[in-house]
Amino acid sequence: MDIEQFRKAGYQAIDRICDYYTSLRDRPVLSQVEPGYLRKALPASAPTEGEDFQLIADDYQKYIVPGLTHWQHPSFFAYFPTASTFEGILGELYAASVPTPGFNWSASPACTELEAVVMDWTAQILGLDKSFYNTTEVGGGVIQTTASDSALIATVAARSRYIREHPHVAIEKLVLYTTTQTHSLGKKAGLVLGLKVRALEVTAEDDFALRGETLEVALKEDVDAGLHPFVLIATIGTTSSGAVDRLDEISDVAKRYPFLWLHVDAAWAGVALVCPEYREACQLPAVNHYADSFCTNFHKWGLINFDASCLWVRHRKHLTDALDVTPEFLRSKHGDAGTVIDYRNWHLGLGRRFRSLKFWFVLRSRGVTGFRRYITDCTKLNATFAERIRESDQFCLVAKPFLALTVFRLAPKSLPHLTALELNALNRAFYGRLASRSDIAITQTDLNGVFCVRMAIGAEKTVEGDVDRALDVIGREGRATLREWENVGTIS
Ligand SMILES: *Cc1c(COP(=O)(O)O)cnc(C)c1O
């Protein structure tokens, strides 16, 4: 491809991306292809001779687009949102045009320096304590791929600190604490690092939040049994129900166990801290007073294209002590002098993507005001949705709606005597109906044995009409489920 062909293909690509975004509402949100559809459609081997790019671009439309789930679709309410903005897309495009592995400062000074700056900007807009800023040269922030990587890195740093301070403790005695509502990243960190994991119990009465007393009892039990709990992964905004662990109580307990590293996973909800009115409910004061590390994903509810997971630590030396391996070929003048950040020592890989560019583009283009408006718009839409569920005779809320997430289920007033098992069966049937549709994407969860449906709002294009349509679909499928139940007497 020469420069003129590149220009032409580039213009066409941007045009088609714009067409894609303006046609989202007319597409089914969920792909309707069957497993294996693509292998059937594509040749078994790569071409021997290069092909015309126009053909390749057209095949993208023909074969790939039909196999896409449209996460930016206004009727996408499944899982949690995945951010995409035009500024973010352009940031990715520019970054792709200057591939730099960015592992140390001299690999591309702009890459490291911009990351250090945007991580301070984001820390500031979220109201994080200054001790997390890169300018302190003590704490600092780094962009990771995912919240799972962030939790793994925090656990590696915590383990390394613990072992340094307790050199005679055998690794098998170490324990990683999570709760029963912690994202699977907790278990995964345990698997990867070969650690014992203890999931502390949380209850519906406490809105599925970890209480200080539960932590205290567990710490006492484990320490008495000769075990060494060394890290707790707490959550602000759990995936199932948006629960916020009681970090105020947790830090009161943890003060008496100063070797316990507190990592706060706020993958989804953390971005809401941009709005001062949500900071108390998100336990920000306790994060600022006590957390050793804090993570939020701007690629979820934060308008920045995947991947954009932010990790801040109060003491960067715990990261670099754990991860700095510097053979001769990686030494550099500024790295040796310690006058620059070498981000290779803040994550698992050596090379890293130039992710700060899209942060810079989006933060500047939207401003703090744009971020706040987006978050409050989503939250208002969810409040409307939750209110309609609360008022209905058919449905009930299963957990307190939080920010842009509502967890609900069918609980018809006309059938007051259903057992817990019957209600779960009824709701599985109801969810099965929702899941078989391609005009709405919504997912399910289980809260301590209660099967329920999650409605998570966050696509930038979602407006009130889309939420009304979702309510309409949910209402109709609910009624259909009940008719079926009343006809058959039960649902298999
Ligand atoms: C989505 C989510 C994660 C996982 O995020 P990745 O970045 O995909 O690893 C972790 N924790 C919570 C609370 C989440 O909602």
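Quick caveat: nothing in here was measured; it's all calculated off a predicted structure. (Residues numbered from 1 in each chain as written. Predicted model: local features only at pLDDT ≥ 70, side-chain atom pairs only at ≥ 80, totals over all residues. Heavy atoms only, no water.)

Caption draft 1: Looking closely at the overall build of the protein chain. If you tally the helices and strands in the protein chain, you get 16 helices and 11 strands. By the compact-globule yardstick of 23 Å for 492 residues, the protein chain fits well, its C-alpha radius of gyration being 24 Å. Expressed as lengths along the three principal axes of its C-alpha atoms, the size of the protein chain is roughly 75 × 70 × 45 Å. In the protein chain, buried positions account for 51% of the 492 residues. Within the protein chain, contacts between residues separated by at least 24 positions form 74% of all contacts whose residues are at least 6 apart in sequence. Put simply, the protein chain has 53 plus and 59 minus side-chain charges, and the middle of one group is 0 Å from the middle of the other. (Helix = DSSP H or I, 4+ residues; strand = E, 2+ residues; numbered from the N terminus. Rg over C-alpha atoms; globule rule 2.2 N^0.38 Å. Buried < 20%, exposed > 50% of the residue type's maximum accessible area, 1.4 Å probe, protein only. Contact = heavy atoms within 4.5 Å. Lys, Arg positive; Asp, Glu negative; His and termini not counted. Charge placed at Lys NZ, Arg CZ, Asp CG, Glu CD.)

Caption draft 2: Representation of the UniProt feature "modified residue: N6-(pyridoxal phosphate)lysine" (unreviewed entry) in the protein chain within the structure. Summarizing the sequence annotation, UniProt attributes the feature "modified residue: N6-(pyridoxal phosphate)lysine" (unreviewed entry) to K300 in the numbering used throughout. Not counting residues up to four positions away in its chain, the partners in contact with K300 are F80, P81, T82, A83, A267 and W268. (UniProt positions renumbered as here; feature names shortened; annotations may be inferred.)

Caption draft 3: Molecular detail of the state of the cysteines. As enumerated under the stated definition, the model contains zero disulfides in all. Between C275, a cysteine without a disulfide, and C282, which holds the nearest cysteine sulfur, the sulfur-to-sulfur distance is 9.5 Å. Not engaged in a disulfide, the cysteine C310 finds its nearest cysteine sulfur in C295; these two sulfurs lie 7.6 Å apart. (Disulfide = S-S within 2.5 Å.)

Caption draft 4: Up close: the packing of aromatic side chains. Evaluation of the coordinates by the stated rule reveals 20 aromatic pairs. Look at F80 and W268: their rings are 4.3 Å apart centre to centre, the planes differ by 5°, and that puts the pair in the stacked class. Taken together, the positions of F80 in the loop between α3 (53-64) and α4 (86-97) and W268 in the loop between β5 (261-265) and α10 (284-290) put the pair 188 residues apart, joining distant regions of the chain. For W268, a relative accessible area of 1% gives the class buried. Aromatic rings pair up to connect F80, W268, W301 and F402 into one cluster. Here R454 stacks its cationic end above the ring of F80, 4.6 Å away from the centre of that ring. (Phe/Tyr/Trp six-rings, centres within 6.5 Å; stacked < 30°, edge-to-face > 60°. Lys NZ or Arg CZ within 6 Å of the ring centre and 35° of its normal.)

Caption draft 5: Representation of the sheet that holds β5 within the structure. Reading across the sheet, the seven strands line up as β1-β7-β6-β5-β4-β2-β3 and stay open at both edges, with mixed pairing between neighbours. Bordering the open sheet on either side are β1 (140-144) and β3 (196-200), each of which pairs with just one other strand. Within the sheet, the average angular offset between the axes of one strand and its neighbour, ignoring direction, is 20°. Pairing analysis gives three bridges linking β5 to strand β6 (residues 293-297), with the strands arranged parallel. Residue pairing for β6: H263 is matched across the bridge by S293. (Pairing = 2+ DSSP bridges. Axes fitted to C-alpha atoms, helices over the stretch in contact; angles between N-to-C directions.)

Caption draft 6: Local environment of the site of the ligand. Taken together, 14 residues are adjacent to the ligand, and A147, S148, D265, N297 and K300 come closest. At a separation of 2.5 Å, an oxygen atom of the ligand approaches a polar side-chain atom of S148. Among the secondary structure elements, those contributing two or more residues to the shell around the ligand are α6 (147-165) and α11 (298-301). (Near = heavy atom within 4 Å. Polar contact = N/O pair within 3.5 Å; in protein donor to acceptor, adjacent residues only side chain to side chain.)

Caption draft 7: Here's a closer look at the domain arrangement of the protein chain. What the domain assignment reports for the protein chain is domain 1 (1-30 + 69-84 + 371-492) and domain 2 (100-354). Between the C-alpha centres of domain 1 and domain 2 there is a distance of 30 Å. Contact with domain 1, which involves 27 residues of that partner, is made by 33 residues of domain 2. For the pair domain 1 and domain 2, the two sides together bury roughly 2,600 Å², of which 69% comes from carbon and sulfur. At the junction of domain 1 with domain 2, the criterion picks out one salt bridge. Measuring nitrogen to oxygen at the nearest pair gives 3.3 Å for the salt bridge that ties D207 to K400. (Domains from an automatic or database assignment. Buried area = accessible area lost by both parts, 1.4 Å probe. Salt bridge = Lys/Arg side-chain N within 4 Å of Asp/Glu carboxyl O.)

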